[in-house]
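So you can see what is in the structure, the chains are spelled out below.
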Amino acid sequence: VWVFQALVSFLLLQFGYGSFILNSVFTLFLLMLVTLVLSRRISLTSSTGSILSAVLVLCGLRPNVVQFFIRSVEILLSVSRCFALYITSFIIIRELYLLST
């Protein structure tokens, strides 16, 4: 999904249709991310927080604060993973295009 999205972004920017996406690669990424989350095609959770949450609760933090912190970190990690794949694909497609011309 992210490689195809990077290709679409590149083609829109390359062939003069960038004004539709505000001349930015981030607009289509955010649009696709929101669409995938709302359609439940992508999950923004992981299982990395169990040990960390236990440590934070043992340190005296309230469980609801720990749960909010863990959820925030999980969302941040998921979005950064998706963005890394998207932007890397975009850069590779752009460089391949520049090498071919």
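Note: the structure precedes this text.
Every value quoted in this text rests on a predicted model; they were computed, and no experiment measured them.

Peer 1: Help me understand the side chain of S9 in this model?
Peer 2: Relative to the helices and strands, S9 is located in helix 1 (residues 2-14). Among all residues touching S9, those that are not within four sequence positions of it are I21, L28, Y86 and F90.

Peer 1: Help me out: how do you make sense of helix 2 (residues 25-38) in this one?
Peer 2: Residues three or four positions apart in an α-helix share a direction because the helix packs 3.6 residues into each turn. For helix 2, which comprises 14 residues, the first-to-last C-alpha distance of 21 Å matches the rise-based estimate of 20 Å (1.5 Å per residue) to within 8%. Taken residue by residue, helix 2 has V25, L28, F29, L33 and L36 as its buried positions. Around the axis of helix 2, the buried residues are gathered within 135° of arc, so they sit on the same side. Exposed and oriented more than 90 degrees from the buried face of helix 2 are L31 and L38. The elements touched by buried residues of helix 2 are helix 1 and helix 4 (63-100). By the N-cap criterion, in which a side-chain oxygen at the helix start approaches the backbone nitrogen of a residue two or three places on, helix 2 is capped by S24, the distance to F26 being 3.1 Å. Looking at the residues trailing helix 2, positive phi occurs at R40, about 60°.

Peer 1: Explanation requested: the nonpolar core in the structure shown.
Peer 2: Within the largest apolar cluster, 13 residues are counted, with the highest numbers of intra-cluster contacts made by W2, A6, F29, Y86 and F90. Ranked by residue count, the leading element in this core is helix 2, at 5 residues. If we skip the residues at most four places from it in the chain, W2 touches F29, M32, L33, L36, I42, C82, L85 and Y86.

Rules and cut-offs
Residues numbered from 1 in each chain as written. Predicted model: local features only at pLDDT ≥ 70, side-chain atom pairs only at ≥ 80, totals over all residues. Heavy atoms only, no water. Helix = DSSP H or I, 4+ residues; strand = E, 2+ residues; numbered from the N terminus. Contact = heavy atoms within 4.5 Å. Expected span 1.5 Å × (residues − 1). Buried < 20%, exposed > 50% of the residue type's maximum accessible area, 1.4 Å probe, protein only. Arc of directions from axis to C-beta. Polar contact = N/O pair within 3.5 Å; in protein donor to acceptor, adjacent residues only side chain to side chain. Core = buried A, V, L, I, M, F, W, Y, C linked by side-chain atoms within 4.5 Å.

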